[in-house]
Each structure stands twice: as structure tokens, then as C-alpha cells.
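# Close look at the chain arrangement
Read off the chains here:
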Amino acid sequence: MTKTIHQLAADNIRVLAAAMVEKANSGHPGGPMGAADYMHILYSEFLQFDPDDMTWPHRDRFFLDAGHLSAMMYAQLSLFGKYSQDDLENFRQWKSCTPGHPELDVERGIENTSGPLGQGHTMGVGAAIAERFLTARFGDWMGHTIYAFISDGGVQEEISQGAGRIAGFLGLSNLIMFYDSNDVQLSSNTEVVTNEDTAKKYEAWGWKVRTIDAHNQDQIREALTEANQEKDKPFLIIGKTIMGKGAVDDQGNVYEGHFEMHGMPLGNTGASYNKTIENLGGDLTNHFRIFPEVGDFYQKLMKDKVDETRKRKDIEKTWREKNNQLAEKLDLFLSGKIPPLDFSQVEQKENVATRAASSAVLSFLADHVENMIVASADLSNSDKTDSFLKKHKAFSKHDFSGQFLQIGVAEFTMANLASGMALHGGVIPAVGTFFAFSDYMKPAMRLAAIMGLPVIYIWTHDAFRVGEDGPTHQPVEQEAQLRLLEKIKNHAGNRSLLALRPADAAETTVAWKMALETTNMPTALILSRQNIKDIPPLNSGSRYQEALASAQGAYLVKSCEDPDIVLVGNGSEVSTLIGGSELLAKREGLKVNVVSAISEGLFREQPLDYQQHVIPSSKPIFGLTAGLPVNLLGLVGDRGQIFGLEHFGYSAPAGVLDEKFGFTAENVFERALKYLNEYKNDLETKNLTI
């Protein structure tokens, strides 16, 4: 029987995917072979994009959740000329553009980094929210569809509940998700781990669901057509597929649906790799060859897509000519930049918690940044994001005229939605919760750091001073995790995170300024629950102007020539250090410098002479941190000393905990003085030895 061009194209994807895995001797061939029919129909007939302009902002987007199916993506996109034969042959090899799990590369058609299951499709939900937000402001002419692809494992990951619930609740009819339901996982069939009714689950969340034979290309077309016509609900296509579709054994017998085909080359299973390539119409002399008929088909297809996109771009051009001011606003949104703002105009009260100071900034931003989307995990009145909400209503079903997302208790989901919004572009996402609950968000934060996404995390209740809530709510080790991310560079060569723990209200204003001006990495704002005494101005009389030095990562908030000792900290500990420095000066006549080190990562990027000016290695350095002592280890050096918390917190009022744990000016005085004497004695001993 003669195959149609569409069957040939799907089989070509199967051949290329199997060949990549076989040559690399590593990867996942079975899933790509099963989903090839869907991918070809989606990309050839439904997905709207410009092959000559892959970053066109109004394109449809495809978010892959099952990153282990990377060979499927590379094979499909190679048909559009985005990956060469050499690229495919170097699958999973050093410095190749075809890594084992897809990494963000919009120019080639990769919209998100994926791998850890559950996150990719949740990013797609975030992108769908961003699309609805922008369309509500600029018109349906720019509307586009977000397609997501999920596997059995992604459906099982708990985050799928948050993503499914939010998408259904908001009525994201611009979201179409394909569930590659092949009933096979890496180490077993799905029946070993679950018997849930996935369709009913998504229907309960408010989705429209259709189940199809995803090897029947007509059924795929019908489902995608229906999904694109749906205007009320997100759409789930449950595609029943066969793992390793098209595989045969040495005798040419069908060998499909076996779980070992999920995660190892075909040649390492009961299937025959060469016989399978032959069965699918591949060339045994060149397994990476694009079938001539398929190549011709896709060449014409690309021209058609360019022509179709040109029509939409003409519509945009006409809109721009009629709406000059709106067009300028859209361009600003898409640039990722904020409008010119005078942050000195933010009115801060005296001696407030930095979460309250953040609230004042958010109230200011609510009036000036029109494309900012703020979300909170059922804590808006505690993390103080409600100051933004008071000026902008929350999203509701089909209503995206506001700028706030009430996510509910779903921190992991919230963080991934923010990543999806950032990936889509045109909006500035900021998400809030307690700092202790950043643990729930770590996987999403890590992917955002890898991708270099400008997501802002607002984390309040930053230390043991949460008090009566006890150790479950009192962060101790969390800041250390962020400081580690500040030390890691992403593949673009940039620091992967900006972590800011401001020392008072003025620094909080500046920290927000820094966060909004940082467009190539996520920013973490670590904010206090308890009130903090403001840092006195050093020279200028303007605390805000001096706090602008936070942009160097660390700076002197108390300074003298040739200090006897330098005290280093961040956040609420800085005011405690200033109190300790006053005692050292009054009682011992010592000259003391105090450093506010809001970001070690940023500080270590400054010129060495500046670093030595602020924290001179020739001086004794004493650090104070409400977290693990390691937080300040890179700043105080080997000869320095750090007082921190080396145990979990306890339930008691914050003031009591400060006393019991030793976070007082008096304890700083005693410990710093003892350390200074030990430091001097050590120097004298060494000099005598020499």
C-alpha cells in the first residue's frame, strides 16, 4: 500500500528519532515514535509560526513537558530546516545544539527547557495567561494558541493538579494540550501505579476532553479542529498511542508497546534497529536522511507558513497605523523593560518591616507598570502583595483586565506559571509567598535560573523571627540555597540568580528597582516580617541615595578610615551590627565599619579595588546572619568569623528568640570583641614564629 505524504512524514520523524538515540547509545526512542503522527499534523496543519522569523511575538507556541522526548522535537524541527543532519548525529554530545533534554532556543523552535516532568505544561499554562492578558489590552488580532504536550509521567506529577485547576478555573480556551497516553512508563506499565480516570479529572477542573486514536491522522485533525473552535474551556486531547510505533524484531514481526523501549536504544531491546528503519522506509545507508518526498513537502509548507504569517503581519501593520500610542505601549511591553520611573518617589514609613516596605513599592508599581502580573499563594495579606491587588482586580474566568492572580495554595505551580509568562514575553511576573515555602518552588526556580528568565520571587517572613509559628515556618537553610545559585553560571555565562535581602525600607525600594532592571535572570527578594530599624544616612542625608549603592552588591553603611574591625551582614542583621558597632566604639574606643551585603554574587562581580575597599582582606571581618553561617563564608574569608544559626528555630515571640539565639547588639559586641582579641593574638603568635 502506498503511504500518503503525511504517513511518510510521521515515519520520517520516527526514523530520525530512533537514529539519534541509537547513534548516541542514549535516549528515549519509544515515545517519539508513538507521538510522531500528532507532531506532524500539529506542525504542518495547525501551528502558526513564521519559519523565517521564529521569534515573531504573536506566533503559536508549543510547550513540551516530556523533555525526554527531545529526539521527537529535533526530528520534527529538522524538517523545517532548524536542525541539520550533523546536529541530529550529535544528539546528546558535548556542546551540541541537541542536548538530551530540550533547552530554550526560540530561534530553533524550542520554547522552553524541559525535563523534570510536570513543569513544561505548567509553563504553557503561564504562557496562555500572558497571551490572554495581552489580547485583553491590544485586541484579538494578536491572539494565538498555546499548545502543550504531556506524558503519563507529567500527568502523575502533583503539579499537574495545580496547572489543571488554574487553567480550568480561568477558562483558558487558548490552551490545547495533547496527552500522549501510551500506558507505558520507564520501568513499568502505568497500570502498576495508577487507575485514575484522567478524562474525568480534567473535566472536573473545567476542561473539554476528547479521546482519540493518535495514530489515526484524521482523528488528530478532527480533535485539533474542535479544540481550536472551543471558546470557553481549555482543551485536552487524550491521544492513545503505542510506544515504539513501527518497531519490528529480527524476523520483521511487530515489536511495539514494550516499556523497555521508553528509555533505551531500540537495538538494546527486543526490537531490531535496522529492520525497524527499513520497515519505516528509512535509508539503511543514511539513517539521518530526510525522505525526498517529505523534504519537498516541507519546503512548500514553509513557504505557505511564511505567506500566512505575512497576512497576519499586515493586519498588525494596519492596527499600528491606527493605534500609534497603543503600539508604542505594546513595544514597551515586549521589550521587557519598564517605563522610566523615579523610585525615590516611593513613600516609605520609618522603621518598618521590609515586607511592608515592599508593599509600598508594589503600590507605586501598580500605578506605573501596566504589564506587571503579581501572584500570591493564598498569602497576599501576609506577604503584602495585596497593596498591588487593591489597585488591580484578580483574574477570573475569561476576564484578564486585572493584573493579579490569586493562585491558591500552590507555590510550585505558581512559580512555573511565572516562568511560562516570562517565556511568552510581554509581561513582568512577580510571585509571593513565605520564604520557608520557597522549598516548594525550588525545582521551578532552578529551571528559571537555567533559562535566564526575569521572574521576581517575593519571599517574606525571612528568618526565625516568624516567631510563634515555630520551626516549620522559620527559614534557616533557605538563604544558603539561594546563595549557591548566585555562584552558578548558566550556559549564557551569566550568574543564574540575583538574591537580594535588603536591610531596611530604602534598600527594599532599591532592591525592587534592581529586580525590575534585571532582565537576564530571576531575582529573589527576601523580606522580613518584623520591623527593622532604618539604617542612618552616612554622608548625604538621603538614605535612598546611599542605598543605591546596593547595585554593587555590598557597600559601607558605617565607615571610618583604617577600621579596627569590619562587620558584615544583610537584611535585619545590619541594624543589629550597627548597634553592636556603637557599643564597640563607646566601650572600647574601636573604629568599626559596617557592611550591608545585599547580594554576594553581585558584589563579587565588582572591581577588586572596590571589593577591597568595602571588605578589606587585611582586616578582621565579623559576620552576622540569621541563617546558616555559610551564608557569609565567601565574604568574611578564612580568617573571618561568623555568628549564625546552626539549628532549627523554636516557637516563641520574635523578641524572645532574638535574645535566646543571641541576635542582639550586646551579643555582637561580646563576640566581635572576643574574635578581635583572638585575631590579634593569632597575628602576634605568627609574627613571633616568623
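Scroll up for the structure.
So, here is what we can say about the structure in this document.

Criteria and cut-off values
- Residues numbered from 1 in each chain as written.
- Predicted model: local features only at pLDDT ≥ 70, side-chain atom pairs only at ≥ 80, totals over all residues.
- Heavy atoms only, no water.
- Salt bridge = Lys/Arg side-chain N within 4 Å of Asp/Glu carboxyl O.
- Helix = DSSP H or I, 4+ residues; strand = E, 2+ residues; numbered from the N terminus.
- Buried < 20%, exposed > 50% of the residue type's maximum accessible area, 1.4 Å probe, protein only.
- Axes fitted to C-alpha atoms, helices over the stretch in contact; angles between N-to-C directions.
- Parallel < 35°, antiparallel > 145°, perpendicular 65-115°, else oblique.
- Left-handed = near helix turned anticlockwise from the far one by under 90°.
- Contact = heavy atoms within 4.5 Å.
- Nonpolar A, V, L, I, M, F, W, Y, C, P; charged D, E, K, R; others polar.
- Phe/Tyr/Trp six-rings, centres within 6.5 Å; stacked < 30°, edge-to-face > 60°.
- Lys NZ or Arg CZ within 6 Å of the ring centre and 35° of its normal.

Scanning the entire structure with this criterion turns up 40 salt bridges. The residue arginine 210 makes a salt bridge to glutamate 226 at a minimum N-O spacing of 2.9 Å. Of this pair, arginine 210 sits in strand S4 (residues 208-213) while glutamate 226 sits in helix H9 (residues 217-229), and the two are 16 residues apart along the sequence. Here aspartate 304 and lysine 300 are joined by a salt bridge, their closest N and O atoms 3.1 Å apart. Within this pair, aspartate 304 and its partner lysine 300 are both found in helix H11 (residues 292-322), separated by four residues, close to a single helical turn. Aspartate 304 gets classed as partly exposed once you look at its relative accessible area, which sits at 36%. Overall, the relative accessible area of 53% leaves lysine 300 in the exposed class. Here the residues in one salt-bridge network are Lys208, Arg210, Glu222, Glu226 and Glu230, joined through shared partners.

What follows concerns the packing of helix H1 (residues 5-24) against helix H2 (residues 30-46). Direction vectors running N to C along H1 and H2 enclose 130°, while the axes themselves pass 8 Å from each other. One way to sum up the angle between H1 and H2 is to call them oblique. H2 is crossed by H1, and the crossing has right-handed handedness. Touching His6, Ala9, Ala10, Ile13, Arg14, Ala17 and Ala18 of H1 are Pro32, Met33, Gly34, Ala36, Asp37, His40, Ile41 and Glu45, all from H2. Residue composition of the contact of H1 with H2, by class: nine nonpolar, three polar and three charged.

Glancing now at the packing of aromatic side chains. Going through the model one piece at a time under the given rule, you end up with 31 aromatic pairs. A centroid spacing of 4.7 Å and a plane angle of 35° characterise the contact between tryptophan 141 and tryptophan 319, whose relative ring orientation is tilted. Remark: tryptophan 319 occurs in helix H11 and tryptophan 141 occurs in the loop between helix H5 (119-138) and strand S2 (146-151); sequence separation between them is 178 residues. Here the two residues tryptophan 141 and tryptophan 319 agree in accessibility, since each one is buried. Ring geometry for phenylalanine 343 and phenylalanine 364: centres 5.9 Å apart, planes at 55°, overall tilted. A residue pair is termed long-range when its members are at least 10 positions apart, and phenylalanine 343 in the loop between helix H12 (324-335) and helix H13 (354-368) and phenylalanine 364 in helix H13 qualify at 21 residues. With relative accessibility at 2%, the residue phenylalanine 343 sits in the buried group. An aromatic cluster is defined as three or more aromatic residues linked by ring pairs; in this entry it consists of Tyr38, Tyr43, Phe49, Phe62, Phe80, Phe149, Phe178, Phe297 and Tyr298. Above the ring of phenylalanine 133, the side-chain terminus of arginine 137 is found at 3.5 Å from the ring centroid. The ring of phenylalanine 669 is capped by arginine 587, whose NZ or CZ atom sits 4.7 Å from the centre of that ring.

Remember that the coordinates give geometry; whether it matters functionally is a separate question.
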